[in-house]
Amino acid sequence: MSVLQKHGSLVSQKTDLPVLKAVKTRPMDDLGLSRWISRMPLWVIFAFSAVILLWPGLASAQTAYSLEKVWGILLKWMPLLVFKGFVLNIVISFFTMLIGTVAGVFLGLGQVSQVYPVRIMSWIIVQVFRNSPWLVLLFIVMLSFPFEISFGGTHFTVPGWFKAVIGLALPVMANIAEIVRGAIRSVPTGQWEAAESLAFSRSQIMWQIILPQCIKRMIPPWMNWYAIMTMATPLVSLLGVSELVTLSRQAMEAEGNNPSLLVPFYGFALVIFFAYCYPIARLTLLLEKRFTIKL
């Protein structure tokens, strides 16, 4: 008796093809940090902020500056730090993400292109800027860009913050390109095959079928990169851009460079960045949980 005859009843009752059971995927988080952050109670946030705000008392108690004088100086400079300094940080992060996202989308599409020169050139550009130090790129852009551009007899001054935007947009562009490439690769191949069977062209498949499905996959990592980009904007202070950290240093110099002012001014910078970026991080976790791919 052959094997097929011996097990014929079993084959006829079940199936002659292997069947994979459906599994449910979860976001990768080996350390459980995302879960811990998402469940962080509000009192922890207020306690952390209170420690930062009360910390200057320890430093001022060891100097001739009283706590009231330190806080008075900080309050005097606070409008300048917020409305001229921190606002510029937000402007830099916004335009950096705008330029980096647009360029990154095209680079990501280039990495999955069927044209070999386009695919290899896109891969090289991504690898170069993705693995380069951000501060080095900032120095190269700041030193290589002209201070003004002449067009039709009119001279246009190139501000330092715009050079910083270009310098920071290069690594962001490379990382956004990887997000786009990964999102495209995550779409099941059955989507491509079904669209090709309906006589869709490759460009139609990409723009009308694949990319709309990639948007929800790309939103959480994109928002995460925006938060990272915002927290990285103080790097431009090393190049003389008048953002929050630069103005804080200038304000302390105007007040005599007393060591008692270091913790209040830089602690205020920490608090304001935390207050801006923490809601973005929480929203990113919620969107990641909502858009988790379930098979």
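Residues numbered from 1 in each chain as written. Predicted model: local features only at pLDDT ≥ 70, side-chain atom pairs only at ≥ 80, totals over all residues. Heavy atoms only, no water.

Some points on the confidence of the model for the protein chain
Operational definition: The predictor rates its confidence in each residue with pLDDT, a number between 0 and 100. Any two residues whose heavy atoms approach within 4.5 Å at even a single point are treated as in contact.
Overall, the prediction assigns the protein chain a mean pLDDT of 80, with 76% of residues at 70 or greater. Here residues 1-15 scores under 50 on pLDDT; set against residues more than four positions off or in separate chains, the count is two contacts. Between residues 17-31, whose pLDDT stays under 50, and residues either more than four places distant or in other chains, the model counts 11 contacts.

Notes on the packing of aromatic side chains
Note on aromatic pairs: each is described by the distance of the centres and the angle between the planes. Put simply, the rule is: For Phe, Tyr and Trp, rings pair up if their centres lie within 6.5 Å, where Trp contributes its six-membered ring, and each pair is then called stacked (planes under 30 degrees apart), edge-to-face (over 60) or tilted (otherwise). Burial status follows relative accessibility: with a 1.4 Å probe on protein chains alone, a residue under 20% of its type maximum counts as buried, one over 50% as exposed, and anything between as partly exposed. Secondary structure elements follow DSSP: runs of H or I of four or more residues count as helices, runs of E of two or more count as strands, with numbering from the N terminus.
Applying the stated criterion to the full structure yields nine aromatic pairs. Both rings, one in tryptophan 161 and one in phenylalanine 162, keep their centres 6.2 Å apart while their planes meet at 90 degrees; by these two values the pair is edge-to-face. Take phenylalanine 162: its relative accessible area is 34%, and that puts it in the partly exposed class. Consider the rings of phenylalanine 274 and tyrosine 278, whose centres lie 5.2 Å apart with planes at 20 degrees: the pair is stacked. On the criterion of helical spacing, the pair formed by phenylalanine 274 and tyrosine 278 is a turn pair, its members being four residues apart in helix H13 (residues 262-290). For phenylalanine 274, a relative accessible area of 27% translates into the label partly exposed. Given a relative accessible area of 13%, tyrosine 278 falls into the buried group. Among the aromatic residues, ring-to-ring pairing joins Phe86, Trp222, Tyr226, Phe273 and Tyr276 into one connected group.

Some details on a nonpolar patch on the surface
Basically, it comes down to this: Think of a patch as exposed residues, more than 30% relative accessible area, with no salt bridge, where like charges cluster within 9 Å and nonpolar side chains (Val, Leu, Ile, Met, Phe, Trp, Tyr) cluster within 5 Å. Surface accessibility follows the Shrake-Rupley procedure with a 1.4 Å probe radius. Residue values consider only the protein chains on display as shielding. We define a salt bridge as a contact between a side-chain nitrogen of Lys or Arg and a carboxyl oxygen of Asp or Glu at a distance within 4 Å.
A surface patch of nonpolar side chains, about 720 Å² in accessible area, is lined by Phe94, Phe95, Leu98, Ile99, Val102, Phe106, Phe145 and Phe162. The leading source of residues in the nonpolar patch is helix H6 (residues 67-111), at six residues. Assignment of secondary structure puts phenylalanine 145 in the loop between helix H8 (134-144) and strand S1 (148-151).

Description of the nonpolar core
Keep this limit in mind: Put simply, buried Ala, Val, Leu, Ile, Met, Phe, Trp, Tyr and Cys residues joined by side-chain atoms within 4.5 Å make one nonpolar core.
Counting 38 residues, the largest nonpolar core has Ile184, Met206 and Ile210 as the members making the most contacts within it. When contributions to this core are tallied by element, the ones reaching two or more residues are H6, H8, helix H9 (160-186), helix H10 (189-197), helix H11 (202-232) and H13. Top contributing element to this core by residue count: H11, with 13 residues. Residues within four places of isoleucine 184 in sequence aside, it is in contact with Leu109, Val112, Trp192, Met206, Ile210, Leu211 and Cys214.

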